[in-house]
Amino acid sequence: MSTLPSPLRPLLGPEDLWPRTLSTTRHALSTGALQPIATESRTLEEQGISFQVRVLGRAHLKDDRAKREKPRAAPFNPFENPDPDLVVGELPPSHVCLLNKFNVVEHHLLIVTRAFEEQESPLTAADFEALALCMTGLDGLAFYNSGETAGASQRHKHLQLIPPLGPDGLRAPMEKLLSPPPAREHITTLPVLDFAHAVTGLGQWEASPGRDAARMLEAYHSLLAELGMGQALPPYNLLATRDWMMLVPRPRAEAHGINVNAMGFAGSLLVKTQEQLQQLQELGSLELLRQVSQASIRIRCR
Ligand code: AMP
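Residues numbered from 1 in each chain as written. Predicted model: local features only at pLDDT ≥ 70, side-chain atom pairs only at ≥ 80, totals over all residues. Heavy atoms only, no water.

A.B. asks: It is not clear to me how the sheet that holds strand S9 (residues 198-201) should be interpreted in this structure. Could you clarify?
C.D. replies: For sheets, the rule is that strands pair by backbone hydrogen bonds, running either parallel or antiparallel. As summarised here, the arrangement of the nine strands in space is S3-S4-S5-S7-S6-S10-S11-S9-S8, forming an open sheet in which the pairing is antiparallel. What marks the edges here is a single partner per strand, and that holds for strand S3 (87-91) and strand S8 (187-188). Pairing analysis gives two bridges linking S8 to S9, with the strands arranged antiparallel. From the neighbouring strand, Thr188 faces S9, where its bridge partner is Val199. Set on the sheet, helix H1 (residues 14-31) makes contact with S3, strand S4 (95-99) and strand S5 (109-113); between it and S3 the angle comes to about 145 degrees. Seen against the sheet, helix H4 (residues 209-226) touches S8, S9, strand S10 (236-240) and strand S11 (244-249) and runs at an angle of roughly 35 degrees to S11. (Pairing = 2+ DSSP bridges. Helix = DSSP H or I, 4+ residues; strand = E, 2+ residues; numbered from the N terminus. Contact = heavy atoms within 4.5 Å. Axes fitted to C-alpha atoms, helices over the stretch in contact; angles between N-to-C directions.)

Rendered as structure tokens:
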């Protein structure tokens, strides 16, 4: 099933993305379509990375329990016919940009395929073209959770883009380790990350969705190849900014009850309770990431 392009939805150019994000957010808050999740934020410093840890409020936990206790309905696909109040605009020919309904960070964008595609299916030129257009409008952090084990809660294909998380203008805390980013086509690892991953540079951002998407697609394929990942892709997280791209294979969804998705590898973690925060402090954020990842493999840095 696919959602038809709607003449009522504005077509997005890069310059429209941010103003439309702001106006859609205002509107969606006023109608109740947008339901931000309140958290308390802490910083845990480790190896020069300022990990951001968000702790869910008690009210949210109660809501969560209430939702879980409802009888199971037929599987619902929220991206098949997205709530019009959440739609930021069309990304022709094949994607739609909408606000994440239950956002933890402000202005959290989802870039979903109009026609259903499996979240586990490989990313395509069209996916990167839609993403590159949005990244030209918002110089933030893009990410992708491929598969439930990698943190995806929906099967319908969706990429994600959020404004810079910081600190100090960084697009993600982990970016501290990527200044300067690797050169284009150079694949490397970050020495403090003691688990399988690979990072590459994207070269100069051109603000041309076609050309930027082509470089991102090429980088994605080279990271997959470097990590020995073939056509039937195992779960993985992908992170990207205008300058770099990182891929992390994911054999495990959680450790110590703490679920980790791509944002974890960006240096931003979410815990449910103060007890989990305490546990994370004792364990260390990097150790948590290690425990949900695959053992390091030697890659040919080039
Ligand atoms: P992920 O959990 O990484 O697969 O991302 C999917 C996101 O979709 C989640 O963060 C949810 O908050 C969000 N979401 C769930 N239902 C809706 C909806 N009806 N409209 C927009 N976003 C949604």
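A.B. asks: Teacher, can you tell me more about the pairing of S4 here?
C.D. replies: When a strand is regular, its side chains alternate between the sheet's two faces. Of all five residues making up S4, five are buried, and the element is well covered by its neighbours. Neither face of S4 is left uncovered, since the one carrying His95, Cys97 and Leu99 and the one carrying Val96 and Leu98 both have all their residues buried. Across four bridges, S3 lies against S4 in antiparallel orientation. When the sheet's bridge partners are listed, Val87 is paired in S4 with Leu98. The turn joining S3 and S4, which pair antiparallel and follow one another in sequence, is formed by three residues. (Buried < 20%, exposed > 50% of the residue type's maximum accessible area, 1.4 Å probe, protein only.)

A.B. asks: How should I be thinking about the site of the ligand in this particular structure?
C.D. replies: Close contacts around the ligand come from 16 residues, with Asn100, Asn145, Ser153, His158 and Gln160 the closest. In the model, an oxygen atom of the ligand is placed 2.6 Å from a nitrogen or oxygen of the His158 side chain. For the ligand, an oxygen atom lies 2.8 Å from a polar atom in the side chain of Gln160. Computed on the free molecule, the ligand has an accessible area of 490 Å², of which 85% lies beneath the protein chains in the complex. (Near = heavy atom within 4 Å. Polar contact = N/O pair within 3.5 Å; in protein donor to acceptor, adjacent residues only side chain to side chain. Areas by Shrake-Rupley, 256 points an atom, 1.4 Å probe, with all protein chains shown as cover.)

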